[in-house]
Amino acid sequence: MRPVRFIHTSDIHLDTSFSGSGIPSRLGDRKREAIRAAFRGILEDARRCEAGLVLIAGDLFESDRVTPDTCEFLKQQFEKAAGIRIFIAPGNHDPFAKGSPYREEAWPDNVHIFDAEEFRSVELPELGVRVTGFGFLHNFLEERLFLKLPVLPDDGCNIVMAHASDLGGPMGKSKHGPFTAADIAGKNVQYCALGHYHEQRRVENPGDGAQIWYSGIPEGRGWDEAGPRGYLVGEIDDGGVRVEGRVSSRFDWNTLEIACDDFSTREQVLDAVTQHRGVEYDAETLLRVRLVGALDPKLDLSLQELGERLADECLLLQWDDATHPAIDFDEVAGEKTLRGRFVRLMNERIASSDGRERETLERARLYGVDALSGREVRLR
Ligand SMILES: [Mn+2]
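What counts, and at which threshold
Residues numbered from 1 in each chain as written. Predicted model: local features only at pLDDT ≥ 70, side-chain atom pairs only at ≥ 80, totals over all residues. Pairing = 2+ DSSP bridges. Helix = DSSP H or I, 4+ residues; strand = E, 2+ residues; numbered from the N terminus. Buried ≥ 20, exposed ≤ 12 C-beta atoms within 10 Å, placed from the backbone. Domains from an automatic or database assignment. Core = buried A, V, L, I, M, F, W, Y, C linked by C-beta atoms within 7 Å. Contact = placed C-beta atoms within 7 Å. Axes fitted to C-alpha atoms, helices over the stretch in contact; angles between N-to-C directions.

Observations regarding the pairing of strand E12 (residues 211-214)
Strand direction decides the pairing type here: strand E10 (residues 191-195) and E12, joined by four bridges, are parallel. Considered in E12, the bridge of Cys-192 is made with Ile-212. Pairing between strand E11 (residues 201-203) and E12: three bridges, direction antiparallel. Pairing of Arg-202 across the sheet is with Trp-213, part of E12.

Details of unusual backbone geometry
In the Ramachandran plot, Asp-11 falls in the positive-phi region, its phi being about 55 degrees despite a non-glycine side chain. Structurally, the position occupied by Asp-11 is in the loop between strand E1 (4-9) and helix H1 (25-48). Among the residues examined, Asp-11 registers 27 C-beta atoms within 10 Å and is labelled buried. Unusually for a residue other than glycine, His-196 sits at a positive phi of about 120 degrees. Within the secondary structure layout, His-196 lies in the loop between E10 and E11. For His-196, a count of 23 C-beta atoms within 10 Å gives the class buried.

Here we look at the domain arrangement of the protein chain
Domains assigned within the protein chain are domain 1 (4-247), domain 2 (252-326) and domain 3 (328-380). Here the C-alpha centroids of domain 1 and domain 3 sit 53 Å apart.

Regarding the nonpolar core
In terms of nonpolar packing, the biggest core is built from 62 residues, with Val-54, Leu-55, Met-161 and Cys-192 touching the most fellow members. In terms of residues, this core owes the most to one element, H1, which gives six residues. With residues up to four places along the chain from it excluded, the contact list for Met-161 reads Leu-55, Ala-57, Phe-87, Ala-89, Val-131, Gly-133 and Ala-193. In this structure, Val-273, Leu-286, Val-289 and Leu-306 belong to the second largest nonpolar core, which totals 11 residues.

Quick notes on the sheet that holds strand E16 (residues 286-295)
An order of E15-E16-E17 is seen for the three strands of this open sheet, with the pairing classed as parallel. Two strands close off the open sheet at either side, each with one partner strand: strand E15 (253-259) and strand E17 (316-325). If you compare each strand with its neighbour and ignore which way they point, the axes differ by 10 degrees on average. Relative to E16, E15 runs parallel, the two being bridged by seven bridges.

As for the sheet that holds E1
Taken together, the six strands give an open sheet; going across it, the order is E4-E3-E2-E1-E13-E14, and neighbouring strands pair in mixed fashion. One side of each edge strand has no neighbouring strand; the edge strands of this open sheet are strand E4 (111-113) and strand E14 (240-247). Taken pair by pair, the neighbouring strands of this sheet meet at an average axis angle of 20 degrees, ignoring direction. Two elements, strand E2 (residues 53-56) and strand E3 (residues 85-88), share four bridges in a ladder whose sense is parallel. Its bridge partner being in E3, Leu-53 is matched across the sheet by Arg-85. The sheet contacts of H1 involve E1, E2, strand E13 (230-237) and E14, and relative to E1 the element is tilted by about 175 degrees.

Structure representation (structure tokens):
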């Protein structure tokens, strides 16, 4: 067969909401624009590398928030990619439901949307490829449709695509299109393009040679989606399928952990943050700083003031203060004071506890000692 290049992406989540994520609304706007730019960049790359196919494995947008502007944006991007066949397998956030733009809008001729909760195939004889997929009709799909994936004809290259949850993966049980690799093996599939999980990952498939991939999210949306994010470019020929990841994300979600044990001034905290290798500070830097360790009582850790000093260095700064004052509780326990008696009692309780209870008791001991020492009780 003639080599065919394809692009696999998913979980773009256009028009995503950042409310409740602790991110200021102005930043939410910028993030939404960055997500659009990432998607646009992916389609530009598809044109540049002369891809024959673009596979979008669900959650392209968020149905309950998608705007007319975004629908127009998508149509224009797809029209620009007129020579490329675009396949969409709707997921739980963009199901092919009543009122969805997938149903209501007229999409360019090169776009195919899977509109049934059963596997259907589209033949592309000019490419020697068959694309088989299904789409969500609601915001959940509990049936294990992959069990009904038929054995496909082995007359060319078979690509299967869907928004689906790998039951053998780290997330375990899910009500969103559950499957295991064993459901796909033995069905003449060369490549399976999946969406739903936001990490780029190849699903282990001991059953046969089918490559099963999650493309991951093209632009991270929170601290739990840190690091470079991207999409996959694949090439199919008689020798099989080769896949490589490419980066599309612009914003990095940096988390720093700074040990404060040796500091006695705010400057030292600032220096540790700004001189930390691994973070390049610019107008798009998102930063979360977790402060840990024993804090010198002389150090006034005013996060407000520290934030002011870093305001021009980055776009977003969040503090997570997990320090504890440098107090020798054993020494305090030896005091013949109310404070000493309090610490002795707390030490006993802490010694016979574990897990969350232990953490709570340790905080209570700290607050108690602060209060009994006449210091400000700073909640952590
Ligand atoms: Mn999803």
